[in-house]
Amino acid sequence: VQLQASGGELVQAGGSLRLSCSASARNYNMAWFRQAPGKEREFVAAIAWRGSVTWYADPVKGRFPISRDNAKNMVYLQMNSLRPEDTAVYYCAAGAPPGSRWLAQYTYWGQGTLVTVSS
């Protein structure tokens with residue numbers, strides 16, 4: 001499965017951004033992770049391929065809804081009320097059990113897209 005993330009850019013604090021991830025195959029549970037400079041990659045949000053059940057990390061809960069369009073093989077991360085601490089490279093991932101927060105369980109990774117939030 002090939003994943004392609006896009007949509008990252010420079011945005012001011014309080015602003016919004018939508019990240020997109022295209023997949024070359026369907027029926028995979030999907031997730032977004034992020035990696036800030038000097039920090040480990042961390043879980044952000046996940047969505048099941050069936051039923052669109054979602055899971056969120058506490059820092060983004062209520063701000064970053066994850067969604068998918070199975071007809072287009074796309075997953076989205078709508079980022080609202082952005083904060084400087086949200087600055088990171090954002091990665092989409094696939095291939096783990098639904099809702100998994102463990103990097104090691106994800107088989108497929110996109111190349112990452114940089115989100116920079118200025119204060």
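Calculation criteria
- Residues numbered from 1 in each chain as written.
- Predicted model: local features only at pLDDT ≥ 70, side-chain atom pairs only at ≥ 80, totals over all residues.
- Heavy atoms only, no water.
- Helix = DSSP H or I, 4+ residues; strand = E, 2+ residues; numbered from the N terminus.
- Rg over C-alpha atoms; globule rule 2.2 N^0.38 Å.
- Buried < 20%, exposed > 50% of the residue type's maximum accessible area, 1.4 Å probe, protein only.
- Contact = heavy atoms within 4.5 Å.
- Areas by Shrake-Rupley, 256 points an atom, 1.4 Å probe, with all protein chains shown as cover.
- Lys, Arg positive; Asp, Glu negative; His and termini not counted.
- Charge placed at Lys NZ, Arg CZ, Asp CG, Glu CD.
- Polar contact = N/O pair within 3.5 Å; in protein donor to acceptor, adjacent residues only side chain to side chain.
- Core = buried A, V, L, I, M, F, W, Y, C linked by side-chain atoms within 4.5 Å.
- Salt bridge = Lys/Arg side-chain N within 4 Å of Asp/Glu carboxyl O.
- Disulfide = S-S within 2.5 Å.

Caption draft 1: Just the overall build of the chain, in detail. Each helix and strand counted, the chain has zero helices and 11 strands in total. N-terminal to C-terminal, the α/β element order of the chain is β-β-β-β-β-β-β-β-β-β-β. A globule of 119 residues ought to have a C-alpha radius of gyration of about 14 Å, and the chain, at 13 Å, matches this closely. Its C-alpha atoms give the chain principal-axis dimensions of about 40 × 25 × 25 Å. Burial analysis of the chain (119 residues in total) assigns 44% to the buried set. Within the chain, residue pairs in contact and separated by at least 24 positions form 56% of the contacts whose partners lie at least 6 positions apart. Of the accessible surface of the chain, which amounts to about 6100 Å², a share of 48% is contributed by carbon and sulfur atoms. Positive and negative side-chain charges of the chain, numbering 12 and 7 respectively, have mean locations separated by a distance of 8 Å.

Caption draft 2: Just the environment of Leu3, in detail. Among the secondary structure elements, Leu3 is positioned in strand 1 (residues 3–6). Here Leu3 falls in the buried class, since its relative accessible area comes to 8%. Contacts of Leu3, omitting those with residues within four sequence positions, involve Cys21, Ser22, Ala23, Met30, Cys92, Ala93, Ala94, Tyr108, Trp109, Gly110 and Gln111.

Caption draft 3: Geometry of the side chain of Arg34. With respect to the helices and strands, the residue Arg34 is situated in strand 4 (residues 30–35). Residue Arg34 is classed as buried on the basis of its relative accessible area, which comes to 7%. A polar side-chain atom of Arg34 sits 2.7 Å from a polar atom in the side chain of Glu42. For Arg34, the side chain forms a polar contact with the side chain of Asp86, separated by 2.9 Å. Among residues more than four places away in sequence, those in contact with Arg34 are Glu40, Arg41, Glu42, Val44, Pro59, Val60, Phe64, Glu85, Asp86, Ala88, Val89 and Tyr90.

Caption draft 4: The nonpolar core, seen in detail. With 34 residues, the main nonpolar core has Trp32, Val44, Phe64, Ile66, Leu77, Met79 and Tyr90 as its most contacted residues. The set of elements that each furnish at least two residues to this core consists of strand 1, strand 3 (17–23), strand 4, strand 5 (42–47), strand 8 (74–79), strand 9 (88–94) and strand 11 (113–118). Apart from the residues within four sequence positions on either side, Ile66 is in contact with Met30, Trp32, Ala45, Ala46, Ile47, Thr54, Tyr56, Val75, Tyr76 and Leu77.

Caption draft 5: How the structure looks around the pattern of salt bridges. Overall, the coordinates contain four salt bridges when judged by the stated rule. For the salt bridge of Glu42 with Arg34, the shortest nitrogen-to-oxygen distance reads 2.7 Å. The salt bridge partner of Arg34 is Asp86, with a shortest N-O separation of 2.9 Å. Here Arg34, found in strand 4, pairs with Asp86, found in the loop between strand 8 and strand 9; they are 52 residues apart in sequence, far enough to count as distant. Judged on exposure class, the residue Arg34 and its partner Asp86 are both buried. When salt bridges that share partners are traced, they join Arg34, Glu42, Arg63 and Asp86 into one network.

Caption draft 6: Up close: the state of the cysteines. Applying the stated criterion across every chain, the model contains one disulfide. For Cys21, the disulfide goes to Cys92, at an S-S distance of 2.2 Å. Looking down the S-S bond of the Cys21 and Cys92 bridge, the torsion is 65°, so its handedness is right-handed. Note that Cys21 is positioned in strand 3 and Cys92 in strand 9, a separation of 71 residues in sequence.

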